[in-house]
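Each chain, letter by letter, is given below.
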Amino acid sequence: NAGVTQTPKFQVLKTGQSMTLQCAQDMNHEYMSWYRQDPGMGLRLIHYSVGAGITDQGEVPNGYNVSRSTTEDFPLRLLSAAPSQTSVYFCASSYAHPTDSGANVLTFGAGSRLTVL
Amino acid sequence: AQKVTQAQTEISVVEKEDVTLDCVYETRDTTYYLFWYKQPPSGELVFLIRRNSFDEQNEISGRYSWNFQKSTSSFNFTITASQVVDSAVYFCALSGGADGLTFGKGTHLIIQP
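As the structure is a computational prediction, the values presented were derived from the model and not from experiment.

### Let's talk about the overall build of chain A
Helix and strand counts for chain A stand at 0 helices and 11 strands. If you list the helices and strands of chain A from N to C, you get β-β-β-β-β-β-β-β-β-β-β. A compact globule built from 117 residues should have a C-alpha radius of gyration of about 13 Å, and chain A, at 14 Å, falls within 12% of that. Along the first, second and third principal axes, the C-alpha atoms of chain A reach 45 × 25 × 25 Å. A buried classification covers 48% of the 117 residues belonging to chain A. The long-range share in chain A, meaning contacts at least 24 apart out of those at least 6 apart in sequence, stands at 55%. When the accessible surface of chain A is totalled, it reaches about 5400 Å², and 52% of it is carbon and sulfur. One way to put it: in chain A the 7 positive side-chain charges average out to a point 14 Å from where the 8 negative ones average out.

Structure (structure tokens):
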């Protein structure tokens, strides 16, 4: 049981380059999300999805795109990387509570450390 | 807007001491959930507890205990007889719906041998 798998674990980009952070879960979770963690800032929500074909913005969506074509995968795309996107990125998933989404307990991936020069 | 405040940026104690991590939250929701996550030096995030806003009973799990007080909007976490393995960053978080968790900035707990 792999849980939530993120790749790559480390990546260095130059300003303006594009890349995709991959996230896959094998728990058949409906809900998936991306957070970024910056020193002294806690974790902030970038985008989330409540099911295949459905995505929505979180607190800090600018500069990032997502799509959800399957239940298992939720890739995060940086179209033109900027130094401000240097961060540790966490993907998380959970079952979607049928009536109370606030009850969801997130399972996190191991994180992807991105440096933009 | 929701907000979670963890005023203690870093706490350092000697092994076997008890330590309390504070968490204060703000929300306009009447139904919400509070969480604690642990982030050890290896970097992963580990779920510790979830508490419903309607359940104000304190919870104990081994050396860990949680005190939820709705009157003061606090959800504090106490480790009894701390151990070096408890060294980590601890995050308190608040959820009110599908748009994810609002995290505090975390408290870095250092347990010295």
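What follows picks up the thread again.
### Description of the interface of chain B and chain A
Each partner contributes residues to the interface: chain B has 20 residues there, and chain A has 20 residues. Counting the surface lost from both chain B and chain A, the interface buries some 1600 Å², and carbon and sulfur atoms represent 60% of this. Counting every contact that joins chain B to chain A gives 0 salt bridges. On inspection of chain B and its partner chain A, the count reaches 4 residue pairs in polar contact (both at pLDDT 80 or more). Sorting the residues of the side of chain B that touches chain A by element identifies strand 5 (33-39), strand 6 (46-52), strand 10 (88-95) and strand 11 (101-103) of chain B as the ones contributing at least two each. Sort the elements by how many residues they give to the side of chain B that touches chain A and strand 5 of chain B lands first, with 4 residues. Class assignment for the residues of the side of chain B that touches chain A results in 9 nonpolar, 8 polar and 3 charged.

### As for the state of the cysteines
Residue and element names in this part refer to chain B. Inspection of the entire model under this criterion finds 2 disulfides over all chains. The disulfide partner of C23 is C92, and the gap between their sulfur atoms is 2.0 Å. Handedness of the C23-C92 disulfide follows from its S-S torsion of about -65 degrees: it is left-handed. With C23 in the loop between strand 3 (19-21) and strand 4 (24-26) and C92 in strand 10, this residue pair connects regions lying 69 residues apart in the sequence. Overall, the relative accessible area of 0% leaves C92 in the buried class.

### A few points about unusual backbone geometry
The peptide bond linking T7 of chain A to P8 of chain A adopts the cis configuration, its omega dihedral lying at -10 degrees. Counting through the fold element by element, P8 of chain A comes out in the loop between strand 1 (4-7) and strand 2 (10-13). Phi is positive for K16 of chain B, close to 85 degrees, though the residue is something other than glycine. As for its placement among the helices and strands, K16 of chain B is situated in the loop between strand 2 (10-14) and strand 3. Residue K16 of chain B is classed as exposed on the basis of its relative accessible area of 69%. In this model, S73 of chain B sits at a positive phi of 50 degrees, which is unusual for a non-glycine residue. Take S73 of chain B: it is sitting in the loop between strand 8 (64-69) and strand 9 (74-79). When its relative accessible area of 24% is taken as the criterion, S73 of chain B is described as partly exposed.

### Brief notes about the packing of aromatic side chains
Overall, the coordinates contain 20 aromatic pairs over all chains when judged by the stated rule. Ring plane angle 85 degrees and centroid distance 5.3 Å describe the contact between F108 of chain A and Y37 of chain B, whose orientation is recorded as edge-to-face. Note that F108 of chain A is positioned in strand 10 (residues 107-108) and Y37 of chain B in strand 5, a pairing that runs across two chains. Accessibility expressed as a relative area gives 9% for F108 of chain A, which makes it buried. Aromatic side chains Y37 of chain B and F47 of chain B sit 5.8 Å apart centroid to centroid with 65 degrees between the ring planes, which places their arrangement in the edge-to-face category. Note that Y37 of chain B is positioned in strand 5 and F47 of chain B in strand 6, a separation of 10 residues in sequence. Residue F47 of chain B is classed as partly exposed on the basis of its relative accessible area, which comes to 33%.

Here is what the cut-offs are and how they apply
- Counting from 1, residues in each chain are numbered in the order their sequence is written.
- In the order they appear in the text, chains get letters beginning with A and ligands get numbers beginning with 1.
- Note on the predicted model: pLDDT of at least 70 is required for a residue's local features to be given, and 80 or more for side-chain atom pairs to be given and counted; whole-chain, interface and lining totals, by contrast, use all residues.
- With hydrogens and water stripped out, all remaining heavy atoms of the structure feed into the side-chain values.
- Each helix is a run of DSSP H or I of at least 4 residues and each strand a run of E of at least 2, with the numbering of both proceeding from the N terminus.
- A radius of gyration in this sense is built from C-alpha atoms; the matching globule rule multiplies 2.2 Å by the number of residues raised to 0.38.
- To sort residues, take the accessible area from a 1.4 Å probe on protein chains only and compare it with the maximum for the residue type: under 20% means buried, over 50% means exposed, and anything in between is partly exposed.
- Only heavy atoms matter for contacts: two residues are in contact if any of them lie within 4.5 Å across the pair.
- Only the protein chains shown count as cover for residues, and all accessible areas are computed by the Shrake-Rupley method using a 1.4 Å probe.
- Just so you know, the count uses Lys and Arg for positive and Asp and Glu for negative, and it drops His and the chain ends.
- Each charge is placed at NZ for Lys, CZ for Arg, CG for Asp and CD for Glu.
- Accessible area that two parts lose when put together, evaluated with a 1.4 Å probe and summed over both, is termed the buried area.
- A pair is scored as a salt bridge if a Lys or Arg side-chain nitrogen falls within 4 Å of a carboxyl oxygen belonging to Asp or Glu.
- The definition of a polar contact used here is a pair of N or O atoms within 3.5 Å, where within protein one atom must be able to donate a hydrogen and the other to accept one, and adjacent residues in sequence count solely through side-chain atom pairs.
- Basically, the charged four are Asp, Glu, Lys and Arg, the nonpolar ten are Ala, Val, Leu, Ile, Met, Phe, Trp, Tyr, Cys and Pro, and anything else, Gly included, counts as polar.
- What counts as a disulfide here is a pair of cysteine sulfur atoms lying within 2.5 Å.
- Centre distance within 6.5 Å is the pairing criterion for rings of Phe, Tyr and Trp, where only the six-membered ring of Trp is used; planes under 30 degrees apart are then read as stacked, over 60 as edge-to-face, and the remainder as tilted.

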